[in-house]
Amino acid sequence: MAAPVARGECSEAALAAALADVPELARLLELDPYLKPFALDFQRRYKKFNETLNNIGENEGGIDKFSRGYESFGVHRCADGGLYCKEWAPGAEGVFLTGDFNDWNPFSYPYKKLDYGKWELYIPPKQNKSQLVPHGSKLKVVIRSKSGEILYRISPWAKYVTREGENVNYDWTHWDPEHPYKFKHSRPKKPRGVRIYESHVGISSYEGKIASYKHFTYNVLPRIKDLGYNCIQMMAIMEHAYYASFGYQITSFFAASSRYGTPEELKELVDTAHSMGITVLLDVVHSHASKNSEDGLNMFDGTDSCYFHSGPRGNHDLWDSRLFIYSSWEVLRFLLSNIRWWLEEYGFDGFRFDGVTSMLYHHHGMGQAFSGDYHEYFGLQVDEDALIYLMLANHLVHTLYPNSITIAEDVSGMPALCSPISQGGVGFDYRLAMAIPDKWIQLLKEFKDEDWNMGNIVYTLTNRRYLEKCIAYAESHDQALVGDKTLAFWLMDAEMYTNMSVLTPFTPVIDRGIQLHKMIRLITHALGGEGYLNFMGNEFGHPEWLDFPRKGNNESYHYARRQFHLTDDDLLRYKFLNNFDRDMNKLEERCGWLSAPQAFVSEKHEGNKIIAFERAGLVFIFNFHPSKSYTDYRVGTTLPGKYPFVASECYCLLSIIYYIIETKKD
């Protein structure tokens, strides 16, 4: 990071008070002395976190009870066969329950108003004790607003919503199966080096349709296991009305998307992954919510506030979505309960938090370059209510399941984001190294091979905060979307359609493309972080971009799929990229470089285009020169001894070479 601009030092007395209040702040300041001028910021954040946690303890019986909101809010079948219903609608004048069970009479079952904007309803059981609201029947919450308007809403706590036929809006479907899925397998141990397969269920088939949880379970999970990934990150699981939003415009936060199947089928998917030793993370979106009101959170009680900031502050202008009011007691209950719901009901092992940069700052990162000046991370531009929520979420996750994993999608580089809360940090395990894919795209797009700067590549791959772990990736779903290009497409472009057959000779474009594709991914894997991520299909150079059905493409599914069958065809060269990816992951599993200390870079030679570094007892040597190969090339090493090859590649048309050798002392 750039050297921070100094802020005026806080007084010795103030620093001593901060060190006394934050148990391990001294360790953070020891690791990064440039943070000393901001000690009071860490003190204030930590005290506010502790104050909120203590308030939850005093008023709710602790965060354990507070985060179980889904056990009372929503609609629940009681032991006596009756129905208990509860909602938070502070702006409502009246609340009612209607549905199939009462022939859609909107006012026959009114809720009773409680304190703090809560409403509850108990419906006695039928005389024959049969279910009052059968599994699979439709429901709606009816809101009478203060202006007298009658609004039909889906409960924010709905567990399942469906859309039938050509309907535009989703319906709330009561989910209460007689035989719910029972998990058979325990959670896997936390991986020492996390290798993540970023996945989307809907596009996981080669057919032009929305794939199912079942399809993913029986067809894609075995591929992930074979490739050597020990973790999957599930995208677009939380229900979203607009498929083309990639799952980032959430309408029902507690509902698993019904377009892929049922909640029980998602549970089977997670359980099957666990049986393979694969950790499963959920891509959780608590940074914003869809503007939908008919089937979303927006305007739930007839006001523009409730779960969100009122007025302009409650709108994200770039995303056209609503922004949560993280200081609200009931919003905290809702979001923390949502975290716990996915952990306990579905067995997820952690989360990738989307849009963290937007949460951390009042400016939401819009129009900000983030130069590395530490003043950018402290002061009035920071939304400390959101930051405290993230601290609470990490505290909850790691208290409930100490082996859980949390990852922050943050482009700003906020210091201490991945430091322990006891140090004044936010408590994430990892952050995404988002500058790395941008660097590779920039090189392929703007520079000739001979103009690649080895020092700049190494800087980008190693520019991370000490002891704050990063997930490195050469490309993710962002680069695969229409309007951008994957690495394979930047490298080989149109020739992927004509020259990927093994029956045709290598062309310079295909040869260069295949070898650079491998080298970019390997050096990113080995040098770029403490974890690695790949978006599904990119491991074998998936052709074409990703484009969801929408009006602009005549609702076509042609590009909303993953053509895994290409790797199974022995006559196509995609299999070589796929096999390389597998070997790379298997080698990391054996040697453990992701869990090793950061690499020692021994050479970054601009003229020879050589990068050499040591990590986990291995010596990595990369030759990026487009036309020169070298024999008997000398590189320095930390330890003397004999170095047998662990893996090597050398291609005749272009002298693009990598070697991995393992230290074996005499």
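Figured I'd write up the structure that's included with this text. (Residues numbered from 1 in each chain as written. Predicted model: local features only at pLDDT ≥ 70, side-chain atom pairs only at ≥ 80, totals over all residues. Heavy atoms only, no water.)

With that settled, consider the environment of Ala386. Following the sequence through the fold, Ala386 ends up in helix H9 (residues 384-400). On the accessibility criterion, Ala386 (0% relative accessible area) is buried. Here the alpha-carbon distance between Ala386 and Met359, two residues 27 residues apart in the chain, equals 5.8 Å. (Helix = DSSP H or I, 4+ residues; strand = E, 2+ residues; numbered from the N terminus. Buried < 20%, exposed > 50% of the residue type's maximum accessible area, 1.4 Å probe, protein only.)

It is worth spelling out empty space enclosed by the protein at this point. As enumerated under the stated definition, the model contains two cavities of 30 Å³ or more in all. Of the pockets and cavities examined, the largest cavity occupies roughly 50 Å³. Lining the largest cavity we find Glu198, Gln233, Arg352, Leu432, Tyr473, Ser476, His477, Asp478 and Leu533. Each residue belonging to the lining of the largest cavity can be placed in one class, and the counts come to three nonpolar, three polar and three charged. Taken as a whole, the second largest cavity spans an internal volume of roughly 30 Å³. Lining the second largest cavity, in full, are Phe73, Trp88, Trp157, Tyr307, Glu330, Arg333 and Phe334. Tallied by class, the residues present in the lining of the second largest cavity amount to five nonpolar, no polar and two charged. (1 Å grid on protein atoms, 1.4 Å probe; cavity = no way out; pocket = protein on both sides within 12 Å on 5 of 7 lines; lining within 4 Å. Points joined across faces, edges and corners; volume = space filled by probe spheres on them. Nonpolar A, V, L, I, M, F, W, Y, C, P; charged D, E, K, R; others polar.)

This next bit is on the sheet that holds strand E1 (residues 74-77). Within a sheet, neighbouring strands are paired by backbone hydrogen bonds and run either parallel or antiparallel to one another. One open sheet accounts for four strands, arranged E1-E2-E5-E4; its pairing is antiparallel. Of all strands in the sheet, those bounded by a partner on one side alone are E1 and strand E4 (112-113). Taken together, the four bridges between E1 and strand E2 (residues 83-88) define a ladder with antiparallel strand orientation. Across the sheet, Val75 pairs through a bridge with Cys85, a residue of E2. (Pairing = 2+ DSSP bridges.)

With that settled, the discussion passes to the layout of surface pockets. Its volume calculated, the second largest pocket comes out at about 620 Å³. Around the second largest pocket sit 25 residues that line it, and Arg163, Ala241, Tyr242, Tyr243 and Arg259 are the ones nearest its centre.

Looking now at unusual backbone geometry. The phi dihedral of Phe246 is positive, around 65°, even though this residue is not glycine. Counting through the fold element by element, Phe246 comes out in the loop between strand E12 (238-239) and strand E13 (252-256). According to the relative accessible area criterion, Phe246 is buried, its value standing at 3%. Phi at Asn554 is positive, roughly 60°, even though this residue is not glycine. Its location among the elements puts Asn554 in the loop between strand E21 (531-535) and helix H15 (565-568).

Time to look at the pairing of E21. When you tally the buried positions in E21, you get five out of five residues, the bulk of the element. Every second residue of E21 is oriented toward a common face, with Gly531, Leu533 and Phe535 on one face and Tyr532 and Asn534 on the other, all of them buried. When strand E10 (residues 194-200) meets E21, the two strands line up parallel, connected through five bridges. Among the inter-strand pairings, Ile196 is bridged to a residue of E21, identified as Leu533. Of the pairings in the sheet, the one linking strand E20 (residues 470-472) to E21 comprises two bridges and is parallel in character. Note that in E21 the partner of Ile471 across the bridge is Gly531.

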